[in-house]
Structures are given as C-alpha cells and as structure tokens.
Amino acid sequence: DGGPQDDNDISHYDTIINPIVVWQATDTLQVATAGIYEYDGGFPAHDNVTHAYGDDYGAAVYGSYALNDYLTLNARAEWLHTFFTGAFNGGFEFAEAVPSLNLYEITAGATITPMPKDPIGQNLSIRPEIRYDFSEDHLYTVGSFSSAYRDQWSVGADVIFKF
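**Q** Explain the overall build of the chain here, please?
**A** When its secondary structure is counted, the chain shows zero helices and 13 strands. For the chain, the sequential pattern of α-helices and β-strands runs β-β-β-β-β-β-β-β-β-β-β-β-β. Within the chain, the proportion of its 163 residues that are buried is 27%. Intrachain contacts of the chain at a sequence separation of at least 6 include 46% that bridge at least 24 residues. Just so you have it, the chain exposes about 10,500 Å², and 60% of that area is on carbon and sulfur atoms.

And the structure:
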C-alpha cells in the first residue's frame, strides 16, 4: 500500500507493508501472526510543522479456539513502535514532540454463533471483547491532556450477519 496522504500534495508518500501468516494447528485451534511497517512521508501540517516524517512498525499474535459450534474463544496481543518528529501522529496530539513510543494491547473475546445449524441463522455471530491498552507515555485521555494515563480498559461487541 502506498501513495500521497495529504490533500493537494503528491510528493509526501505513505508506504505500508503488512505480512500475515495463518496456521490451522488443529481442527479447533488457529494461530496467526502479523507484522507491519509504515513509512509516513509526511503527516498533515500542524502547529507550524509543514510536514513530519516517521516510521511505525510492530507485530501481532492472534489465537482462536473453537469450543463447539456455538462458542469460539479469541485472543490477541499487539505491539506498535512509532518514531516520528513533530507534534502530530496518527490522531494523537501531544503537548510536545515525542521521539519514539511503544504501544501495547491485549484483547480477550469470544465469537458466539447462536444458531450454527440454521441455514440463515448460521450467518449471525456476536463478538464481545475486553481490551487492555498501555504505553510508555500518557496517551489515553479523559477529557483533556491534563488528565492523561498510560493505560486504559475498554469493552466492546460486534453483531455480524454475513450475506
């Protein structure tokens, strides 16, 4: 993946490489790994910085274990190292420039298929999860940067109907 990322700017390119390997270890256990490398040739201008350059790289491990037709347990662990200059990166705004940073997350969840034998109902799945994020710096905010934390918990769920 690659290309210009800023409006009316065709000289600052973003390039991403994302290899993924999946292994079906048994009939019920699937494991996957993923790597990512991103070269950002120019973040949007912000706070008197016309362009900021940076590299991000990381890895993830995924696991999935099917207990039965109704329930599959899922887990994920991810690490991302970001290096950048300037005061803006990936949606996070910092009070001052941070030269590099490691971000981590661990997620546990499940995939519930309430009607696995029904011709139409087998397409419905519900995926609740709980996630823990942590970093080396105070990135996770509540209200403003004056109350930023190094970690956060979140809970979420998807309802998916495949067609």
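**Q** Please explain the pattern of salt bridges as it appears in this structure.
**A** Two side chains that carry opposite charge are able to pair once their charged atoms sit near each other. One pass over the full model with this rule turns up seven salt bridges. Between glutamate 129 and arginine 76 there is a salt bridge, with its nearest N and O atoms 4.0 Å apart. You can see glutamate 129 sitting in strand β10 (residues 124–135) and its partner arginine 76 sitting in strand β6 (residues 71–84), a full 53 residues away along the chain. The shortest N-O distance in the salt bridge between arginine 127 and aspartate 158 comes to 2.8 Å. Pair noted here: arginine 127 is in strand β10 and aspartate 158 is in strand β13 (residues 151–161), with a separation of 31 residues, a long-range link. Among the residues examined, aspartate 158 registers a relative accessible area of 31% and is labelled partly exposed. Overlapping salt bridges bring together Arg76, Glu78, Glu105, Glu129, Arg131 and Asp133 as one network.

**Q** Would you explain the pairing of strand β4 (residues 29–40) in this entry?
**A** Where strand β2 (residues 13–17) lies against β4, four bridges are found, and the strand directions are antiparallel. Counterpart to isoleucine 16 in the pairing with β4 is glutamate 38. Note: strand β3 (residues 20–24) against β4, five bridges, orientation antiparallel. Residue pairing across strands places glutamine 24 opposite glutamine 30, the latter belonging to β4. Between the end of β3 and the start of β4, which pair antiparallel, lie four residues.

**Q** Help me out: how do you make sense of the packing of aromatic side chains in this one?
**A** How two aromatic rings sit relative to each other is set out by the distance from centre to centre and by the angle between their planes. This model, assessed by the stated rule, comprises four aromatic pairs. Where tyrosine 57 meets tryptophan 79, the ring centres are 5.8 Å apart and the plane angle is 70 degrees; that geometry is what we call edge-to-face. Remark: tryptophan 79 occurs in strand β6 and tyrosine 57 occurs in strand β5 (residues 54–66); sequence separation between them is 22 residues. According to the relative accessible area criterion, tyrosine 57 is partly exposed, its value standing at 35%. On the basis of relative accessibility, which here comes to 30%, the residue tryptophan 79 falls in the partly exposed class. With a centroid separation of 5.0 Å and 15 degrees between ring planes, the pair formed by tyrosine 104 and phenylalanine 134 is classed as stacked. Of this pair, tyrosine 104 sits in strand β9 (residues 100–112) while phenylalanine 134 sits in strand β10, and the two are 30 residues apart along the sequence.

Calculation criteria
- Residues numbered from 1 in each chain as written.
- Predicted model: local features only at pLDDT ≥ 70, side-chain atom pairs only at ≥ 80, totals over all residues.
- Heavy atoms only, no water.
- Helix = DSSP H or I, 4+ residues; strand = E, 2+ residues; numbered from the N terminus.
- Buried < 20%, exposed > 50% of the residue type's maximum accessible area, 1.4 Å probe, protein only.
- Contact = heavy atoms within 4.5 Å.
- Areas by Shrake-Rupley, 256 points an atom, 1.4 Å probe, with all protein chains shown as cover.
- Salt bridge = Lys/Arg side-chain N within 4 Å of Asp/Glu carboxyl O.
- Pairing = 2+ DSSP bridges.
- Phe/Tyr/Trp six-rings, centres within 6.5 Å; stacked < 30°, edge-to-face > 60°.

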